[in-house]
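Each chain, letter by letter, is given below.
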Amino acid sequence: MKYSGKILVVFWGVTLCLSGAAQKIDSALNILSAQYPTEKIYIHYDNEYYVAGETIWFKAYLYSDGKPSGISSNLYLQFADSKGRVIFNKRYPALGAVAKGNIDIPDSLPQGNYYIQALTLGMLNDDKAFIYKKNVFVFNPSTTATPGTTEAQNVSLQFFPESGNLVDGILMVLGFKATDQWGSPVEVNGVIKTEDGITIASFKSYHDGIGKVQFKPQTGKKYLAEVETAVGPRTYPLPAVQPSGINLKIQDEKGGKKFQLSRGEKDKTQFDNLLLVVEINNHIVYENEIYFEEYPSVIGHLVTDRLPSGILHFTVFNKDGMPLAERLTFVDNGEYRGDGTLVMTKTGIEKRAENIVELNFPDTIQRSCSVAVIDLPGTNLNDNDNIWSRFLLTSDLKGYIYNPAWYFENQNDSIKQAFDNLMLTHGWSRFNWNKILAKEFPEKEYTDTYLINISGIVYSETDKKPVEAGNLNVLFSTEDSSLLTYDIPVDENGRFLIDSLAIFGNTKLYYTYTDKMRKEKPVIIKTDDNVLQQAITEAMTGLLEKYPADQLINSKKPDIVSRYEFGKKENPDAKLLENAVVTAKQKRPVDIINEKYTSELFRTGGAIKIDNINYPPVDKAMNGVDFVLNRISTVFVQFGHFVNNKNFSIQDNVTIKTGPKRFIEPARFWEVGLFINEMPADLIQLRVLRADQIAMVKFFEAGAIVAGMSYPGGAIAVYLNYETDIPKKEEKVSKYIEYNGYSISKEFYSPDYSVPGTNSNKADNRTTLYWNPEIFTENQSRNVQLKFFNNDHSKKFKIVVEGFDSGGRLIHIEKIIGN
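Here is a short report on the structure shown in this document. (Residues numbered from 1 in each chain as written. Predicted model: local features only at pLDDT ≥ 70, side-chain atom pairs only at ≥ 80, totals over all residues. Heavy atoms only, no water.)

Structural notes on the overall build of the protein
And then number 1: When helices and strands are tallied, the protein shows 11 helices and 52 strands.
And then number 2: Split into buried and exposed, the 819 residues of the protein put 50% on the buried side.
And then number 3: In the protein, of all internal contacts separated by at least 6 residues, the share reaching a separation of at least 24 is 70%.
And then number 4: Of the accessible surface of the protein, which amounts to about 39,500 Å², a share of 50% is contributed by carbon and sulfur atoms. (Helix = DSSP H or I, 4+ residues; strand = E, 2+ residues; numbered from the N terminus. Buried < 20%, exposed > 50% of the residue type's maximum accessible area, 1.4 Å probe, protein only. Contact = heavy atoms within 4.5 Å. Areas by Shrake-Rupley, 256 points an atom, 1.4 Å probe, with all protein chains shown as cover.)

Below is the structure:
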């Protein structure tokens, strides 16, 4: 869309017809925006730092062009050390533009910097600098290495001429940024001098080592910055002065931005006719041709109060469409901020006291949020990111920005000035004008699929060549006990594809193959080489190593030791049982397998009709449905389900008339529920099984109460052999391959001390008092009530709510409770 406001111009002429260069720029950016949409990731964590043995809980949010992103359905996450060595690779389904999970930190993990990185496949087509990364420091009191360092601070000071270059004879603004060798900000003050020692200007950092200084450079002279540092005076060279060129200066003003274009005297006719283009979020909001005539500078005013918030990117092009100068500035109209309030309806900072929080939103709209309640002594690292700063600032810029959340705390003049200084020190890098104008768009090498896709080739076991067409019967047995069956076509080249899978954990894929004549043939399958995972790993290398200050470790030492001891203990929800004396008795073989394979809900009741462990089947190759029907005489199949012939419904009889005759349809028999490994299943899933894969079958007659079942005809529970019980390979069992599905996520444990006896004998040193990644509101609700309990010692805690709504507004609420 084009910006529809007015532009006020002093000392210039304006032409209303856009040049061919302008049309080319407009077309290129439209293609980039439409065909290569930018996707961003923000992750909300339950805490700000961690101790070895703890769990990192998180929720990821995907965002694109100001709205929750529907581009990707897979999130890839990596946990690595500062050397790039991968500790965990994880994958999560991203549904509804969100994903949630956890990372268990081993208690043996050495103390140091670690990185969480995350991406979607579309991000692999972009510059890897925009992959989400988060530095996480993990403390480990048992580490023998000394946490501190005696290395002296080394100050790096960089200067950034506004819009790109120092130009002879133009009053210029230079932004500067001072950091130490670990990337942390350093406050500095100093002077600008010529090489022969003449002082030109003084400067001082304004916020977090960033500031600006103004002077008029002259060609032929070299300029130096002299700064007093902790290790003594240091000298830093300034960029060289260009003899000719232009400068673009931007200033904030009420309701918009004031900009000034200036040109040097040398070769000034080359800059008579320029094109100014302004874009935000890859959409052009203003473009116009500018004529200097005889004036050295021109001034304009751009109204921005109707623009979306974000980084506003000014670019000046010459008459041939080549970029000459760029300047970033920030627009904060506040429309991205989702309204919401947090009210404590019950507050308790005493030991294990109950707290009740109510989240109130002004409108009924779909929104997804996460809530963390943090023991406050374990926080305050002063380098914070939040959903506002990530989506509107850091996800669009290369390089590390210290404590970006600070720039969004409020909109006073002090923060606005610091924000503009920050923009001075960054150049635009989301795209390269020269490349997109030459139609060198990013290669779309990777595209996301809906959930998990498994593809590969089926090879004949005899001649090792790809088979020619046919079908694969596939059974997935997943780590979370799910069972899924598929009948997959194989093409003429032996290729197959299983798409849209939601499988979790380490999964076994059992398979049989039938050729075009429906004859079963021995085959082996090979999934496609994991080129994708290699590309993901390569994209997540080359990380910047940061180093924490000694005083941080020392100041947190008591809290760290307490957290470490708590993290090493067993799960806090484990219940300590009293000692009991048990008298053993001889168990029958059938009782042993019943205890081995069933959970408590399925253990009692029911008769074991098939025992394939103690009495292995003779008809090993028979499919599971026929095998069960041959052994349970009261069960048969009707309307695609098992039914019980002892029970039927008279009401379901139907009188049918065909011509002069009438007849009664057979009674509808009551359905028998089917469970495989105690998960609801259907006949298709059972039919793909062979008899020798079944360990045991239990039959529950009508009226049995098993796992809350509601089947009037009873239930059949089929149990698959454990790996140790599966017959030897030479006995022709179904082949399988292993595949890693989505990472399995745990549920956060939150004690309820209102229940008598809840962990009363255990110390409660939790630092995350509450974590809930599944806060949703819809068209009928706008209020959410949450309850949590304090630990044994916290007197102050912080509540953080983050998320977004379906309109793209970003929710960030913080509240501190206690003293």
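Picking up after the structure, the text goes on.
A closer look at the pattern of salt bridges
And then number 1: A complete count under the given rule lists 27 salt bridges for this structure.
And then number 2: E354 is the salt-bridge partner of K346, the closest N and O atoms lying 2.6 Å from each other.
And then number 3: Judged by relative accessible area, E354 falls into the buried class, the value being 18%.
And then number 4: Between D764 and R766 there is a salt bridge, with the nearest N and O atoms lying 2.9 Å from each other. Exposure class is identical for D764 and R766. Each is buried.
And then number 5: Counted as one network, the salt bridges with shared partners bring together K40, D126, D396 and R430. (Salt bridge = Lys/Arg side-chain N within 4 Å of Asp/Glu carboxyl O.)

A few points about the sheet that holds strand β29 (residues 354-360)
And then number 1: Strand order in the open sheet formed by 3 strands is β28-β29-β50, with antiparallel pairing between adjacent strands. What marks the edges here is a single partner per strand, and that holds for β28 (341-346) and β50 (783-789). Going across the sheet, the axis of each strand differs from the next one's by a mean of 25°, ignoring polarity.
And then number 2: As paired strands, β29 and β50 are joined by 7 bridges and run antiparallel to one another. Residue I356 lies in a different strand from β50, and its bridge partner there is K787. (Pairing = 2+ DSSP bridges. Axes fitted to C-alpha atoms, helices over the stretch in contact; angles between N-to-C directions.)

Section: helix α5 (residues 531-539)
And then number 1: Listed in full, the buried residues belonging to α5 are A535, I536 and A539. All buried residues of α5 fall inside an arc of 100° around its axis, so they share one side.
And then number 2: The inward-facing, buried residues of α5 abut β7 (74-81) and β10 (112-119). (Arc of directions from axis to C-beta.)

A few points about the side chain of T598
And then number 1: Topologically, T598 is positioned in the loop between α8 (589-597) and α9 (600-603).
And then number 2: Of note is the side chain of T598, whose polar atom sits 2.4 Å from the backbone oxygen of N594.
And then number 3: Aside from chain neighbours lying at most four places away, what touches T598 is R603, E678, M696, K698 and Y719. (Polar contact = N/O pair within 3.5 Å; in protein donor to acceptor, adjacent residues only side chain to side chain.)

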